[in-house]
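Spelled out, the chains give:
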Amino acid sequence: MRQSRLLIPTLRDEPGEAEIVSHKLMLRAGLIRKVAAGVYTYLPLGLRVIRKVERIIREELNKAGAQEVLMPIASPAELWQETGRWDFYGKELFRLKDRHERDFCLGPTHEEVITDLVRREVRSYRQLPANFYQIQTKFRDEIRPRFGLMRGREFIMKDAYSFDADEAGAAESYRKMYEAYRAIFTRCGLNFRPVEADAGLIGGSSSHEFMVLAETGEEGIAVCDACDYAANVERAEIQPIAQAAGDNIAEKRLVPTPGKKTVEDVTAFLNVPASQLVKTLLYLADGKPVAILVRGDHVVNEIKVKKLLGAVDLAMADPAAVETLTGAPVGFAGPIGLSGVTLLADLSVKDVTHAVVGGNAADRHWVDVSPARDVPLARYADLRNAMAGDPCPRCATPLRIVRGIEVGHVFMLGTKYSEKMKATYLDQQGQEKFIVMGCYGIGVGRTAASSIEQNHDAKGIIWPAPIAPFHVHLLPLMDKSGKVMPATLALEAELEKKGLDVLVDDRDERPGVKFNDADLIGIPYQIVIGEKGLTQSQIELKERRTGTVTKFAPADIALRVAELVQPILQA
RNA sequence: CGGGGCGUAGCGCAGCCUGGUAGCGCACCAGCUUUGGGAGCUGGCUGUCGGAGGUUCAAAUCCUCUCGCCCCGACCA
């Protein structure tokens, strides 16, 4: 492919709108251009990367027995009303009306549409199991789109849905997808880790996220270095840390803390560590007031709270409600003397000695509080996010917290959708049963973006060969003799014959420009063809990642490059 | 949704406070020279100063409204 015939608008300057490296480099290397907030056009180079990722996905899913379909972008409200998600999904669901004023939405995911298909077409256990997937553009009207393809409103997603006769079959489908995902992300050249995740309100028994490990990740992952355990911090179970019993014999006292509202303020003022303070956070769970006690250095995990209470909606109480409930302005809420409120406390609170809590009065805190003695009515449970140093729930080794980008997610759905939408089949005994489902997603653009997060240097992108837009970049330099371009084109033809994707920089540019653009675009192998080299029968091969330059005879180079690239592609 | 910031040439920005001919660098076009890591010289093109309204003899600049974009927050009391 001739570079002069492709739109690859590289930028020397960093566009101001980009924050993270993958976004900057995608713009600078001419992969994408923004059309609106969170909405992008894929330029030729970007699209080639997307297609490579899609191809790997297709190959692995087909191998796992899934079948490809393509569902519509717009779907009618009725389907979403059946499952209740029309109301539940909120503002993220992009809604529109057709000319007859009928409600539609742009699909943020397709459980309803596929379940509707299956309930119409699948009658018998003989048709199960089945697994349908599609690679489709999705639309979610995100609160805050950011980071380019990492969190767009419109994005390309592979979604798959499995249908089984029973739980055991569903578990097997889930396992197959889990393995397919491992294969897909491995082939994409990513450093990733499957982690236990929360199934959230989608429900179901099991869920894993596939996390690409990267500093810029939006998710926190708790990992154990001693065993295999890894989980989203939202999900990670926390074992209570055994603590030496404190000598908390002192009677609690109310002390003035003028204007000290935050954990930082109070702990600095009283000169105690944050772990000695117990925060009292007021929530409304389905409209009912709840106070949640966690240590000052801990973070409440709303997912765990919701589960414990069986609540659908959980939101922090607004300042006015806090005042009504506690009788004090925000910043001074405490568990002592609080009435009409459900009291929940994280397990770690029980062990705090000489605790500091809010006084339920302006500018007052209690000190020398013993939660077990002074807050006897609290119900204790695991209610916080995991932190670095918490014991692994499997082997008790201290956990490490790392950042990750969620590129894939697998869910066991069970019969949540099939029951609501009456997707049933007849089993061998002629009994009508609900189909057991699973669903599985991969963010295609996000996968490409996270690859850049993991593979780049100061010069630009360093694509892993399997998802690189091209495998080889030919850089013919000055051609006064007229021999360079013919040699280049001959080499291009030879490489293409060996099945490699080749980009030829045939532009009339100075060498420096070509080198810099090549490094920016990040094709894994660069071949420099220059007048000097040709007279000495030499052609240079440069590996983008290491910068290593090797010289070959023109007759050998195609074979040598093919030897380097082909094994990677077949991996 | 709350707070902050920014919209001036394709990209990066100055000019705005203190109203008076719309600028700089890169990119782009032409010519000459140059050619192994973002060339030099000469000449050229490019803007409804995000939009609407207002104040004024005069608005990129001041005022009002509006649209778009970016960042932070939207659990840590």
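Residues numbered from 1 in each chain as written. Chains lettered and ligands numbered in written order. Predicted model: local features only at pLDDT ≥ 70, side-chain atom pairs only at ≥ 80, totals over all residues. Heavy atoms only, no water.

1. Describing the nonpolar core
Stage number 1. Grouped together as the largest cluster of nonpolar side chains are 60 residues, with contacts concentrated most on Ile 184 and Phe 185.
Stage number 2. Of the residues forming this core, the biggest block, eight residues, is contributed by helix 6 (residues 167–187).
Stage number 3. Among all residues touching Ile 184, those that are not within four sequence positions of it are Ile 56, Ile 57, Glu 60, Leu 61 and Ile 442.
Stage number 4. In this structure, Leu 79, Ile 114, Phe 163 and Leu 413 belong to the second largest nonpolar core, which totals 26 residues. (Core = buried A, V, L, I, M, F, W, Y, C linked by side-chain atoms within 4.5 Å. Buried < 20%, exposed > 50% of the residue type's maximum accessible area, 1.4 Å probe, protein only. Helix = DSSP H or I, 4+ residues; strand = E, 2+ residues; numbered from the N terminus. Contact = heavy atoms within 4.5 Å.)

2. Re the side chain of Glu 142
Stage number 1. Along the chain, Glu 142 falls in the loop between strand 7 (130–139) and strand 8 (154–164).
Stage number 2. Separated by 3.2 Å, the side chains of Glu 142 and Arg 151 make a polar contact.
Stage number 3. Aside from chain neighbours lying at most four places away, what touches Glu 142 is Glu 92, Arg 151, Gly 152 and Arg 153. (Polar contact = N/O pair within 3.5 Å; in protein donor to acceptor, adjacent residues only side chain to side chain.)

3. Digging into the pattern of salt bridges
Stage number 1. In this structure the tally under the stated criterion is 41 salt bridges.
Stage number 2. The closest approach of N and O atoms between Arg 119 and Glu 82, which form a salt bridge, is 2.8 Å. Of this pair, Arg 119 sits in helix 5 (residues 111–121) while Glu 82 sits in helix 3 (residues 77–83); the two residues are 37 residues apart in sequence, bridging distant segments of the chain.
Stage number 3. A relative accessible area of 33% means that Glu 82 is categorised as partly exposed.
Stage number 4. One salt bridge connects Asp 374 with Arg 373, and the closest N-O pair in it is separated by 3.0 Å.
Stage number 5. The class for Asp 374 is buried, based on a relative accessible area of 14%.
Stage number 6. Via salt bridges that share partners, Arg 55, Glu 59, Glu 60, Lys 63 and Arg 187 belong to a single interconnected network. (Salt bridge = Lys/Arg side-chain N within 4 Å of Asp/Glu carboxyl O.)

4. Some words on the environment of Pro 376
Stage number 1. Mapped onto the elements, Pro 376 comes out in the loop between helix 10 (371–374) and strand 20 (379–381).
Stage number 2. You can call Pro 376 exposed: its relative accessible area is 60%.
Stage number 3. Residues Pro 376 and Tyr 125, spaced 251 residues apart in sequence, show a C-alpha to C-alpha distance of 55 Å.

5. Quick notes on the packing of helix 13 (residues 484–497) against helix 16 (residues 554–570)
Stage number 1. Helix 16 packs onto helix 13 with a crossing angle of 35 degrees between their chain directions and a minimal axis gap of 10 Å. Of the two elements, helix 13 crosses helix 16, and the hand of that crossing is right-handed. Between helix 13 and helix 16, the contacting residues are Leu 491, Glu 494 and Leu 495 on the first element and Ala 555, Ile 557, Ala 558 and Val 561 on the second.
Stage number 2. A per-class count over the contact of helix 13 with helix 16 returns six nonpolar, no polar and one charged. (Axes fitted to C-alpha atoms, helices over the stretch in contact; angles between N-to-C directions. Left-handed = near helix turned anticlockwise from the far one by under 90°. Nonpolar A, V, L, I, M, F, W, Y, C, P; charged D, E, K, R; others polar.)

6. Quick notes on the packing of aromatic side chains
Stage number 1. Overall, the coordinates contain 10 aromatic pairs when judged by the stated rule.
Stage number 2. With 4.8 Å between their ring centres and 65 degrees between their planes, Phe 94 and Phe 139 make a pair best called edge-to-face. Taken as a pair, Phe 94 in the loop between helix 4 (85–88) and strand 5 (95–97) and Phe 139 in strand 7 lie far apart in primary sequence, 45 residues in all.
Stage number 3. The structure contains a cluster of three or more aromatic residues connected by ring pairs, namely Tyr 178, Tyr 181, Phe 185, Phe 192 and Phe 210.
Stage number 4. One cation-aromatic arrangement involves Arg 48 over Phe 470; the distance from NZ or CZ to the ring centre is 3.9 Å. (Phe/Tyr/Trp six-rings, centres within 6.5 Å; stacked < 30°, edge-to-face > 60°. Lys NZ or Arg CZ within 6 Å of the ring centre and 35° of its normal.)

7. Structural notes on the sheet that holds strand 5
In a beta sheet, neighbouring strands pair by backbone hydrogen bonds and run either parallel or antiparallel.
Stage number 1. Strand order in the open sheet made by the three strands is 4-6-5, with antiparallel pairing throughout. Each edge of the sheet is formed by a strand with only one pairing partner; in this case those strands are strand 4 (74–76) and strand 5. In this sheet, neighbouring strand axes are inclined to one another by 40 degrees on average, regardless of whether the strands run parallel or antiparallel.
Stage number 2. Where strand 5 meets strand 6 (residues 103–106), three bridges bridge the pair, whose relative direction is antiparallel. Within the sheet, the bridge partner assigned to Lys 97 lies in strand 6 and is Asp 103. (Pairing = 2+ DSSP bridges.)

8. Looking at the protein's contact with RNA strand B
Stage number 1. In the region of RNA strand B, 48 residues are neighbours, and Val 263, Lys 279, Val 299, Gly 331 and Glu 540 sit closest.
Stage number 2. If you look at RNA strand B and keep only atoms within 4 Å of the protein, 44% of those are sugar or phosphate atoms.
Stage number 3. Note that a phosphate oxygen of RNA strand B is positioned 3.0 Å from one of the backbone N or O atoms of Ala 37.
Stage number 4. The contact in question runs from a base nitrogen of RNA strand B to an N or O atom on the side chain of Asp 517, over 3.1 Å.
Stage number 5. If one sorts the elements of the surface near RNA strand B by residue count, helix 14 (residues 511–521) sits on top with seven residues.
Stage number 6. Looking at the surface near RNA strand B, its residues break down into 20 nonpolar, nine polar and 19 charged. (Near = heavy atom within 4 Å.)

9. Examining the confidence of the model for chain A
Stage number 1. Per-residue confidence for chain A gives a mean pLDDT of 90, with 97% of residues at or over 70.
Stage number 2. Two summary scores accompany this predicted model of the complex, namely pTM at 0.90 and ipTM at 0.89. (pLDDT = per-residue confidence, 0-100.)

10. Describing the side chain of Ser 22
Stage number 1. Relative to the helices and strands, Ser 22 is located in helix 1 (residues 21–28).
Stage number 2. Residue contacts for Ser 22: discarding those within four places in its chain leaves Met 150, Ala 449, Ile 452 and Glu 453.

11. Digging into the environment of Lys 514
Stage number 1. Within the element layout of this structure, Lys 514 appears in helix 14.
Stage number 2. Judged by relative accessible area, Lys 514 falls into the buried class, the value being 4%.
Stage number 3. It is 59 Å that separates the C-alpha atoms of Lys 514 and Asp 346, two residues lying 168 residues apart in sequence.
Stage number 4. Once you skip the residues sitting within four places of it in the chain, Lys 514 turns out to touch Leu 475, Pro 476, Leu 477, Asp 505, Arg 507 and Glu 509.
Stage number 5. Here Arg 507 takes part through its backbone oxygen, which lies 3.1 Å from a polar atom of the side chain of Lys 514.

12. Overview of helix 16
One turn of the α-helix equals 3.6 residues, which is why residues spaced by three or four share an orientation.
Stage number 1. Its 17 residues place the ends of helix 16 26 Å apart at the C-alpha level, agreeing with the 24 Å of an ideal helix rising 1.5 Å per residue.
Stage number 2. The largest bend in helix 16 comes to about 25 degrees, at Glu 563, with the proline Pro 567 one to four residues further on.
Stage number 3. Taken together, the buried positions of helix 16 are Ile 557, Ala 558, Val 561, Ala 562 and Val 565.
Stage number 4. Next to the buried residues of helix 16 lie strand 27 (472–476), helix 13, strand 29 (525–529), strand 30 (539–543) and strand 31 (549–552). (Expected span 1.5 Å × (residues − 1). Bend = angle between axes of the 7 residues up to and from the residue.)

13. What about helix 12 (residues 444–454)?
Stage number 1. Most of helix 12 is tucked away, with 10 of its 11 residues classed as buried.
Stage number 2. Three or more residues of helix 12 are buried, namely Val 444, Gly 445, Arg 446, Thr 447, Ala 448, Ala 449, Ser 450, Ser 451, Ile 452 and Glu 453.

14. Notes on the state of the cysteines
Stage number 1. On inspection of all chains with the given rule, the structure shows zero disulfides.
Stage number 2. Lacking any disulfide linkage, Cys 224 is separated from the closest cysteine sulfur, that of Cys 395, by 3.5 Å.
Stage number 3. Just so you know, Cys 392 is unpaired, no disulfide at all, and the nearest cysteine sulfur is the one on Cys 227, 3.6 Å from it. (Disulfide = S-S within 2.5 Å.)

15. Focus on the pairing of strand 21 (residues 400–414)
Stage number 1. Most of strand 21 sits inside the fold, with 11 of its 15 residues counted as buried.
Stage number 2. Note that strand 10 (residues 207–213) and strand 21 share seven bridges and pair antiparallel. Across the sheet, residue His 208 finds its bridge partner in strand 21, namely Val 410.
Stage number 3. Here five bridges tie strand 11 (residues 219–223) to strand 21, and the two strands are oriented antiparallel to one another. Paired with Val 223 across the bridge in strand 21 is Arg 400.
Stage number 4. Where strand 21 and strand 24 (residues 436–443) come together, six bridges link them in antiparallel fashion. Among the inter-strand pairings, Met 412 is bridged to a residue of strand 24, identified as Gly 438.

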